[in-house]
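Residues per chain are reported as follows:
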Amino acid sequence: QSVLTQPPSASGTPGQRVTISCSGSNSNIENNAVKWYQHLPGTAPKVLIYGTNQRPSGVPDRFSGSKSGTSASLAIGGLQSEDEADYYCATWDDSLNGWVFGGGTKVTVL
Amino acid sequence: QVQLVESGGGVVQPGRSLRLSCAASGFIFSSEVMHWVRQAPGKGLEWVAVIWHDETKKYYADSVKGRFTISRDNSKNTLFLQMNSLRVEDTAVYYCAKDQGGYWGQGTLVTVSS
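Not measured: the values here are computed from a predicted model. (Residues numbered from 1 in each chain as written. Chains lettered and ligands numbered in written order. Predicted model: local features only at pLDDT ≥ 70, side-chain atom pairs only at ≥ 80, totals over all residues. Heavy atoms only, no water.)

Colleague: Quick question: what am I supposed to make of the sheet that holds strand 1 (residues 3-7) of chain B here?
Modeller: Hydrogen bonding along the main chain pairs the strands of a sheet, whether they run parallel or antiparallel. Residues and elements named next belong to chain B. Strand order across the open sheet formed by 4 strands is 1-3-8-7, with antiparallel pairing between neighbours. Two strands in the sheet have a free side with no partner beyond their single neighbour: strand 1 and strand 7 (68-73). When strand polarity is set aside, the average angle formed by the axes of neighbouring strands in this sheet is 15°. Judged from the 6 bridges that link them, strand 3 (residues 18-25) and strand 8 (residues 78-83) form a sheet pairing that is antiparallel. (Pairing = 2+ DSSP bridges. Helix = DSSP H or I, 4+ residues; strand = E, 2+ residues; numbered from the N terminus. Axes fitted to C-alpha atoms, helices over the stretch in contact; angles between N-to-C directions.)

Colleague: Help me understand the nonpolar core, please; the structure alone is not making it clear to me.
Modeller: One recurring pattern in soluble globular proteins: nonpolar side chains tend to sit buried together. Trp-36, Tyr-94 and Trp-104 of chain B are the most contacted members of the largest nonpolar core, which has 43 residues in total. Per element, the largest residue contribution to this core is 6 residues, and it comes from strand 5 (residues 45-51) of chain B. Not counting chain neighbours up to four residues away, the residues in contact with Trp-104 of chain B comprise Tyr-37, Ala-44, Pro-45, Trp-99 and Phe-101 of chain A together with Leu-4, Val-37, Leu-45, Tyr-95, Cys-96 and Ala-97 of chain B. The next biggest cluster of nonpolar side chains, apart from the first, holds 22 residues, and it includes Leu-4, Leu-74, Tyr-87 and Val-100 of chain A. (Core = buried A, V, L, I, M, F, W, Y, C linked by side-chain atoms within 4.5 Å. Buried < 20%, exposed > 50% of the residue type's maximum accessible area, 1.4 Å probe, protein only. Contact = heavy atoms within 4.5 Å.)

Colleague: Can you walk me through the confidence of the model for chain A in this structure?
Modeller: Reading fine detail from the predicted coordinates is not recommended where pLDDT is low. Mean pLDDT over chain A works out to 95, with 100% of the residues at or above the 70 mark. For chain A, the element scoring lowest by mean pLDDT is strand 4 (residues 46-49) of chain A, at 94; strand 2 (residues 18-23) of chain A scores highest, at 98. (pLDDT = per-residue confidence, 0-100.)

Colleague: Where do I start with the environment of Asn-31 of chain A in this structure?
Modeller: All names here are of chain A. Relative to the helices and strands, Asn-31 is located in the loop between strand 2 and strand 3 (34-39). According to the relative accessible area criterion, Asn-31 is exposed, its value standing at 51%. Excluding residues that lie within four positions of it along the chain, Asn-31 makes contacts with Asn-26 and Asp-94.

Colleague: What is the right way to look at the interface of chain A and chain B in this model?
Modeller: Interface size is commonly expressed as the accessible surface area that is lost when the partners come together. Taken together, the contacts link 15 residues of chain A with 20 residues of chain B. Regarding the contact of chain A and chain B, the summed buried area is about 1400 Å², with carbon and sulfur atoms giving 65% of it. In terms of surface lost to chain B, no three residues of chain A exceed Pro-45, Trp-99 and Phe-101 of chain A, which account for 38% of the buried area on that side. In this assembly, chain A and chain B are joined by 0 salt bridges. Counting the contacts that link chain A with chain B gives 5 residue pairs in polar contact (both at pLDDT 80 or more). Of all the secondary-structure elements, those providing two or more residues to the side of chain A that touches chain B are strand 3, strand 7 (85-93) and strand 8 (98-101) of chain A. Its residues placed into classes, the side of chain A that touches chain B shows 8 nonpolar, 6 polar and 1 charged. (Buried area = accessible area lost by both parts, 1.4 Å probe. Salt bridge = Lys/Arg side-chain N within 4 Å of Asp/Glu carboxyl O. Polar contact = N/O pair within 3.5 Å; in protein donor to acceptor, adjacent residues only side chain to side chain. Nonpolar A, V, L, I, M, F, W, Y, C, P; charged D, E, K, R; others polar.)

Given below as structure tokens:
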């Protein structure tokens, strides 16, 4: 069971907006920056969001991150077929002294 | 550009040992905190261990504590994971990752099977 809680799946039609939630606690999300990763089978996870709401260069601005208290969320605006992947939230946990991950959300484009 | 290349994976029997390596380039390795993360077949990402840039701090997931050891050679820009007393449930793709910037290697597969 993962320390951070994500819904196992999310879906939308092309062009729709999809939001993925990530619930944690005051030892992780509330006091630390959140990262969001996109993971395709057989490849290295790709960071979409770091520092809770910052996008690395090359990541489209339709990906956005936010945080409130012990929860974070990733929004994908203007869903595209290439967005079909697994998405993970991650952050540092002050009690465990390590990274903690969500269980992953599989996004399907209908 | 930043590159992380893992090696050392393979098939090993339960109870045996394996040492993974991660060759780093494109950044000042000796200044960076580094992690190992794994993904078992059909499962999510699981953090394994972290090491401070100067090796003063090392932390482990409970699932590997006492069996795995993380280390580094800053003169060779290389991160290591010594895995002892391997179990079937350690079967996974193992990734090395840089703490800042979201850089990960492509991973190396470790299969523990009799």
